[in-house]
Amino acid sequence: MPQLLYNPTSPIFSSVNFEEIVLEAATSGKLTSFLFIVPTARHGRELERKLTAEHFRKQSRPIGRLPIHTVRSYVTEFHDRLATARRDVSPEIQIALIDRAMKSVDLNYYG
């Protein structure tokens, strides 16, 4: 899988414009082959608003869903796809399950 690691403060990437890459992918219909990871959700929302407006201005049609994630949302989605049978259990459910398990083995020292 090709990767583009982009840091706007690095002189190596001075000729690369991230927004142009996204808009070109949207225009060519290849947006689904990209995944963009941004540092914060706020940055992602701002970027999505800006790119959607720019794409609409140029193409007169909506851009569709941009594959923009934070590291956390990417890891969560990746985990959900790999471990579909596993789900996070809330602390309340954990307590109820532990309570039921301890009562079923009839331990006297468990309150």
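Residues numbered from 1 in each chain as written. Predicted model: local features only at pLDDT ≥ 70, side-chain atom pairs only at ≥ 80, totals over all residues. Heavy atoms only, no water.

(A) Molecular detail of the overall build of the protein chain. Counting its secondary structure elements, the protein chain contains 4 helices and 2 strands. Traced from its N-terminal end to its C-terminal end, the protein chain shows the element sequence α-β-α-β-α-α. Across the protein chain, the fraction of contacts at a sequence separation of at least 24, relative to all contacts at a separation of at least 6, is 53%. For the protein chain, the exposed surface amounts to about 9,200 Å²; the carbon and sulfur share of it is 57%. (Helix = DSSP H or I, 4+ residues; strand = E, 2+ residues; numbered from the N terminus. Contact = heavy atoms within 4.5 Å. Areas by Shrake-Rupley, 256 points an atom, 1.4 Å probe, with all protein chains shown as cover.)

(B) Molecular detail of the packing of helix α1 (residues 18-28) against helix α2 (residues 41-59). Packing of α1 against α2 leaves a shortest axis separation of 10 Å and a crossing angle of 55°. As far as their axial angle goes, α2 and α1 are oblique. Helix-helix and strand crossings are classified by hand; for α1 and α2 the assignment is right-handed. Listed contacts from α2 to Phe-18, Glu-19, Val-22, Leu-23, Ala-26 and Thr-27 of α1 are Leu-47, Lys-50, Leu-51, Glu-54, His-55, Lys-58 and Gln-59. (Axes fitted to C-alpha atoms, helices over the stretch in contact; angles between N-to-C directions. Parallel < 35°, antiparallel > 145°, perpendicular 65-115°, else oblique. Left-handed = near helix turned anticlockwise from the far one by under 90°.)

(C) Representation of the layout of surface pockets within the structure. In this structure, the second largest pocket spans a volume of roughly 210 Å³. Around the second largest pocket, the lining comprises 11 residues; the ones closest to its centre are Leu-35, His-69, Tyr-74, Glu-77 and Arg-81. Considering each element in turn, the lining of the second largest pocket owes the most residues, 4 residues, to helix α3 (residues 71-82). Tallied by class, the residues present in the lining of the second largest pocket amount to 6 nonpolar, 2 polar and 3 charged. (1 Å grid on protein atoms, 1.4 Å probe; cavity = no way out; pocket = protein on both sides within 12 Å on 5 of 7 lines; lining within 4 Å. Points joined across faces, edges and corners; volume = space filled by probe spheres on them. Nonpolar A, V, L, I, M, F, W, Y, C, P; charged D, E, K, R; others polar.)

(D) Fine view of the nonpolar core. Val-22, Leu-31, Phe-36, Leu-47, Leu-51, Leu-66 and Ile-68 are the most contacted members of the largest nonpolar core, which totals 13 residues. Elements represented by at least two residues in this core include exactly α1 and α2. Ranked by residue count, the leading element in this core is α1, at 5 residues. Val-22 has contacts with Leu-31, Phe-36, Leu-51 and Leu-66, leaving out every residue within four places of it along the chain. (Core = buried A, V, L, I, M, F, W, Y, C linked by side-chain atoms within 4.5 Å. Buried < 20%, exposed > 50% of the residue type's maximum accessible area, 1.4 Å probe, protein only.)

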